[in-house]
Amino acid sequence: MNTKNRNLIVGGLLIALVIAILAPFLASSNPDGLESTAESLEVPESEPAFESPLPDYAIPGMEDNPWGGVVALIIGTILVLLVTLGLASIFSKKNGNGSE
Amino acid sequence: MHIPDGFIPLWQCAIYWIIALIALGYSLKWARENLDEKNIPLLAVLSAGIFAIQAMNIPIPWGTSGHMVGAALIAIVFFSPWAAVLVLSIVLILQGLIFGDGGMTALGANIVNMGIIGGFIGFYAYKILKGIGRIPAIFIAAWASIFLAAIACAIEMSIAGTFPLVEGVIFMGLYHAVIGVIEGVITVVVILGIDSARPDLLPDWVSSRKSEVLE
């Protein structure tokens, strides 16, 4: 990987991490558009079919602590970066049957 | 507009899953034909940035909030709606699996709305509008991508019997018409940011260098 691409990944990841760190403090906790519509139309809340490890971007047991949210979002941001890098590398021209 | 479990009957969930999986297949085919060492880093950081910014809910009127989705951004920057399907699928799968954001039964529908509809509307709206000028075209394409994804979501909720059609479309449309402004502004800012930092990574149709050459 050349320097330009390394700088892009480091710089881009830093921006994403700053957003991830700020979000638990700055993000509105109001319901989103779909939840608001469901409330207005008196649709009852539903239970998740699957128990996720970090529900609602919080560490279980410290739901009220925004720093738990920061940790959850940092984990998620790095995980999304790594999964995208991995998947894109597997399904890229080099490994694929693309026209090269 | 992440649909939770329980809002769509399972047999309808299965249909959205099938559509999503077929689209994911096409997006991987796109990846094999278009991704290389040069553009993979940008795809990965935009993917991570979209995950993070989707947690940044911005308050809108009526006690509601909304966040960017990012499908139009990816479709425009990577010159393909399939790129948006790929990135939004990764983000939505991890959000559902790890953070319980969007139900796993509704994952197919969420990929259909935010990835496929968002990506295709963003791509083709920009394609049609780019003659009016790059920045307004990006803004409107991004706005339309989330607005029409929300309308599709409302129609699906009506088919599911969860929302009445007219009220569902009015509420979802109204909220996401406002959230679309957030989508439009951030999409423009990010593309201008890439244009100044790494113009070599932008395709001709959204690059400022190219339009200067043409003019």
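Residues numbered from 1 in each chain as written. Chains lettered and ligands numbered in written order. Predicted model: local features only at pLDDT ≥ 70, side-chain atom pairs only at ≥ 80, totals over all residues. Heavy atoms only, no water.

A. Summary view of helix 1 (residues 3-26) of chain A. Spanning 24 residues, helix 1 of chain A covers 34 Å between terminal C-alpha atoms, matching the ideal 34 Å at 1.5 Å per step. Residues Asn-5, Leu-8, Ile-9, Gly-12, Leu-13, Ala-16, Leu-17, Ile-19, Ala-20 and Ala-23 of chain A constitute the buried set of helix 1 of chain A. Buried residues along helix 1 of chain A sit against helix 3 (66-90) of chain A together with helix 2 (40-53) of chain B. Its side-chain oxygen at 3.2 Å from the backbone nitrogen of Lys-4 of chain A, Asn-2 of chain A defines the N-terminal cap of helix 1 of chain A. (Helix = DSSP H or I, 4+ residues; strand = E, 2+ residues; numbered from the N terminus. Expected span 1.5 Å × (residues − 1). Buried < 20%, exposed > 50% of the residue type's maximum accessible area, 1.4 Å probe, protein only. Contact = heavy atoms within 4.5 Å. Polar contact = N/O pair within 3.5 Å; in protein donor to acceptor, adjacent residues only side chain to side chain.)

B. Structural view of the packing of aromatic side chains. Residues and elements named next belong to chain B. Tallying each qualifying case throughout the model produces 17 aromatic pairs over all chains. Aromatic side chains Phe-123 and Trp-205 sit 4.9 Å apart centroid to centroid with 45° between the ring planes, which places their arrangement in the tilted category. Here Trp-205 lies in the loop between helix 7 (165-197) and helix 8 (208-214) and Phe-123 lies in helix 5 (residues 107-129), a separation of 82 residues in the sequence. Like Phe-123, the residue Trp-205 is buried in the burial classification. The rings of Tyr-26, Phe-79, Trp-82, Phe-120, Phe-123, Tyr-124, Tyr-126 and Trp-205 are connected pair by pair, giving a single aromatic cluster. (Phe/Tyr/Trp six-rings, centres within 6.5 Å; stacked < 30°, edge-to-face > 60°.)

C. Region of interest: a negative patch on the surface. On the surface, Glu-35, Glu-39, Glu-45, Glu-47, Glu-51, Asp-56, Glu-63 and Asp-64 of chain A cluster together into a negatively charged patch. Inspection of the secondary structure assignment puts Glu-45 of chain A in the loop between helix 2 (33-40) and helix 3. (Patch = residues over 30% accessible without salt bridge, like charges linked within 9 Å, V, L, I, M, F, W, Y side chains within 5 Å. Areas by Shrake-Rupley, 256 points an atom, 1.4 Å probe, with all protein chains shown as cover. Salt bridge = Lys/Arg side-chain N within 4 Å of Asp/Glu carboxyl O. Lys, Arg positive; Asp, Glu negative; His and termini not counted. Charge placed at Lys NZ, Arg CZ, Asp CG, Glu CD.)

D. Molecular detail of the pattern of salt bridges. Going through the model one piece at a time under the given rule, you end up with 5 salt bridges over all chains. Put simply, Lys-4 of chain A and Asp-200 of chain B hold a salt bridge, and the shortest N to O gap is 4.0 Å. One end of the pair, Lys-4 of chain A, is in helix 1; the other, Asp-200 of chain B, is in the loop between helix 7 and helix 8, on a second chain. Look at the salt bridges and you will find they share partners, linking Lys-4 of chain A together with Arg-198 and Asp-200 of chain B into a network.

E. Geometry of the interface of chain A and chain B. Taken together, the contacts link 59 residues of chain A with 64 residues of chain B. Considering only the side of chain A, the residues that lose the most area to chain B are Leu-34, Tyr-57 and Phe-91 of chain A, jointly responsible for 15% of the buried surface there. For the interface between chain A and chain B, the tally reads 2 salt bridges. Note that Asp-36 of chain B is salt-bridged to Lys-93 of chain A, the shortest N-O span being 3.6 Å. Linking chain A with chain B are 18 residue pairs in polar contact (both at pLDDT 80 or more), by the criterion used here. Of all the elements in the fold, those that place two or more residues in the side of chain A that touches chain B are helix 1, helix 2 and helix 3 of chain A. For the side of chain A that touches chain B, the element with the most residues is helix 3 of chain A, which contributes 14 residues. (Buried area = accessible area lost by both parts, 1.4 Å probe.)

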